[in-house]
Amino acid sequence: MSFEPNNVLITGGAGFIGANFVRHWLATTQQGKVVVLDALTYAGNIDNLKGLESDPRYAFVHGDICDEAAVKRLMETHRIDTIAHFAAESHVDRSILGPDDFIRTNIVGTHSLLKAAKALWLDKKPVATHRFHHVSTDEVYGSLGPDDEPFHEETPYAPNSPYSATKASSDHLVRAYHETYGLNTTVTNCSNNYGPYQFPEKLIPLIIINILHGKPLPVYGDGLQVRDWLHVADHCQAIALAITDGKAGEVYNVGGNSETTNITIVKTLCDLVDEQLSQRPDLAKAFPSSPAVSGRKAMDLITHVRDRLGHDRRYAINYAKAARELGYAPGRDFATGIRATLEWYLSDQAWWQALLGRDYAAWVKKNYAA
Ligand code: NAD
Ligand code: DAU
C-alpha cells in the first residue's frame, strides 16, 4: 500500500539535488507543506529555490541538522511526517583535504535527525504513518574492476574516501534505527548526478565553465575512471517513488544506464561547447577567451593532472530492485541530458557567475587573465 506524505522536511534543500527535489515535489504533489532546512554552507544557495517564495506550501528555515532541539521544534511546528534527508558535505576532494566537516554533518548530523524523528514519531505520541528517507551514494560500495558486476543492494560496503566512509556510516545508523527502534526508513544509493544547479566544483559544471573561459581542463590521472551518470530529474523521481512506495527498512539502488569514462565526458563537453560558440554570436561575444572563438579547439585545453588520492576506478549500478518494486526507470539518455544541461548553464549564466565571485568581471580578470 502506498504511503501519502503530508508535511515534508527536506534537509539540504538549497543544494544541487535537494533544490531539484523541492521543485519536483511541489510540482508533482497537491497537498502538504514543504519545509526546507539548510545551513547554507558554501554549497548551499538560496538562489536555487528562487521563485518558490510565493508558494503557500513552501517554507525555508536557515539552520543546522546537528541542532537536534531546533529540528524537533521545526518538526512539531510544521507537523512533519516525512523527512527527505539530502544535507551533507558532498565533495570527495574536499573530504580528502579535510574530513572533519564530513564527520560532523554526514554522521553526527544524520544521527541528530534520527534522534529527533525517533523522539517525535515513536517515543512521544507515536505517529503510525511516517517516513525517514535517507539519500546516499554508490560510493559506499567502493570501486569495481572493468568486468565486475554492477553494485546491487547486497554488495558489501567498502568505502575508500573520507566522504564515502561518512556516507556509509550514516547508512548504517539509518539501518540501525529501523532494526532497533522500528523507525520507518528507506535509503537510496545512487550514482553521479548531473543537471541544473550543480555547484561548479563538480566535474561537469567545472569543465563547462573552464572551456568558456579558455582555462585548462583538469583530468585526474589517465581519465579512464568510469562513472554512471544519472540526470538529477530521474534521481528525484526515484526518491519520490521510494518515499511513497518503498517498503520500510529497504534500500534501493538508483542508476542512469550511462557508464562513461571521465575523459569521454570532458571530450563530449569540448565538442558541444565548441559547437555552441561557433553558432551563437552572443556567446562568442560574452566568452572571447573560449578556444572556438579564435578557431581553436577546446580539446587543446585538456590537461592531465595528478590523480585524486584513493581514486575509485569504476562505479556501476544495478537498479533492478528499484525497477521491480518501485517502477523506476531513468527517463533521460546521457546524450540528451548533457545537451540540456549545457543549455541550462549557457542560459543561466548569472546563477554561476554569482557563485564565482561578487564582482564577476574582476574575478575573470584575476583568474583567467591571458
Ligand atoms: P550539495 O553539496 O550540492 O548540497 C548539500 C546541501 O546541504 C547544501 O545546500 C548545504 O548548505 C546543506 N548542508 C550542509 N551541511 C549542512 C548542515 N549541517 N545542516 C543543514 N544543511 C547542511 O550536495 P548534492 O550534490 O545536492 O548532494 C545531496 C545528497 O545526495 C548528499 O547527501 C550526497 O551525499 C548525495 N549524493 C549526491 C550525488 C551527486 O552526484 N551529487 C550522488 C549520490 C548521492
Ligand atoms: O557517485 C556518486 C558521487 O558522485 C556522490 O556521492 C558525490 O557526492 C558526488 O560529488 C560525485 O562524486 P565524484 O567524485 O564521482 O564527482 P566529481 O564530479 O568530483 O568527479 C567525477 C569524476 O571526475 C571523478 O572520477 C573525479 C574526476 N574529476 C573531477 C574533477 C572535479 C576530474 O578528473 N577532474 C576534476 O576537476
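Residues numbered from 1 in each chain as written. Chains lettered and ligands numbered in written order. Predicted model: local features only at pLDDT ≥ 70, side-chain atom pairs only at ≥ 80, totals over all residues. Heavy atoms only, no water.

Student: Which residues make up the sheet that holds strand 11 (residues 259-261), and what values do they have?
Tutor: The sheet built from 3 strands is open, its strands ordered 7-9-11 with mixed pairing. Looking at strand neighbours, the two that pair on one side only are strand 7 (192-194) and strand 11, the edges of this open sheet. On average, adjacent strands in this sheet sit at an angle of 50° to one another, irrespective of strand direction. Strand direction decides the pairing type here: strand 9 (residues 226-231) and strand 11, joined by 3 bridges, are antiparallel. The partner of Arg227 across the bridge, within strand 11, is Thr260. The strands that helix 8 (residues 262-279) touches are strand 9 and strand 11; relative to strand 11, the one it contacts most, it runs at about 80°. Across the sheet, helix 11 (residues 334-347) touches strand 7 and strand 9, and the angle it forms with strand 7 is around 50°. (Pairing = 2+ DSSP bridges. Helix = DSSP H or I, 4+ residues; strand = E, 2+ residues; numbered from the N terminus. Axes fitted to C-alpha atoms, helices over the stretch in contact; angles between N-to-C directions. Contact = heavy atoms within 4.5 Å.)

Student: Any details on unusual backbone geometry? Residues and values, ideally.
Tutor: A positive phi angle is found at Arg79, which is not glycine, with a value near 45°. Locating Arg79 in the fold gives a position in the loop between helix 2 (68-77) and strand 4 (82-85). If you check the backbone angles, Asn257 has positive phi at about 60° while not being a glycine. Considering the arrangement of structural elements, one finds Asn257 in the loop between strand 10 (250-254) and strand 11. A relative accessible area of 60% means that Asn257 is categorised as exposed. (Buried < 20%, exposed > 50% of the residue type's maximum accessible area, 1.4 Å probe, protein only.)

Student: Residues and numbers for the site of ligand 1, please.
Tutor: Near ligand 1, the surroundings consist of 28 residues, among which Ile17, Asp38, Ser90, Tyr163 and Lys167 are the closest. In this structure, an oxygen atom belonging to ligand 1 sits 3.0 Å away from a main-chain N or O atom of Thr41. Here a nitrogen atom of ligand 1 sits 3.0 Å away from a polar atom, N or O, in the main chain of Ile65. When ligand 1 sits alone it has 840 Å² of accessible area, and the protein chains cover 96% of it. Among the secondary structure elements, those contributing two or more residues to the shell around ligand 1 are helix 1 (16-28), strand 5 (131-137), helix 5 (162-181) and strand 7. Tallying contributions element by element places strand 5 first for the shell around ligand 1, with 3 residues. Taken together, the residues that form the shell around ligand 1 break down as 13 nonpolar, 12 polar and 3 charged. (Near = heavy atom within 4 Å. Polar contact = N/O pair within 3.5 Å; in protein donor to acceptor, adjacent residues only side chain to side chain. Areas by Shrake-Rupley, 256 points an atom, 1.4 Å probe, with all protein chains shown as cover. Nonpolar A, V, L, I, M, F, W, Y, C, P; charged D, E, K, R; others polar.)

Student: Tell me about the nonpolar core, residues and numbers included.
Tutor: One finds Phe21, Val22 and Ile204 to be the most contacted residues of the largest nonpolar core, which totals 58 residues. Among residues more than four places away in sequence, those in contact with Val22 are Ile10, Gly13, Val34, Val36, Leu49, Leu52 and Tyr58. The next biggest cluster of nonpolar side chains, apart from the first, holds 21 residues, and it includes Met75, Ala87, Ala116 and Phe132. (Core = buried A, V, L, I, M, F, W, Y, C linked by side-chain atoms within 4.5 Å.)

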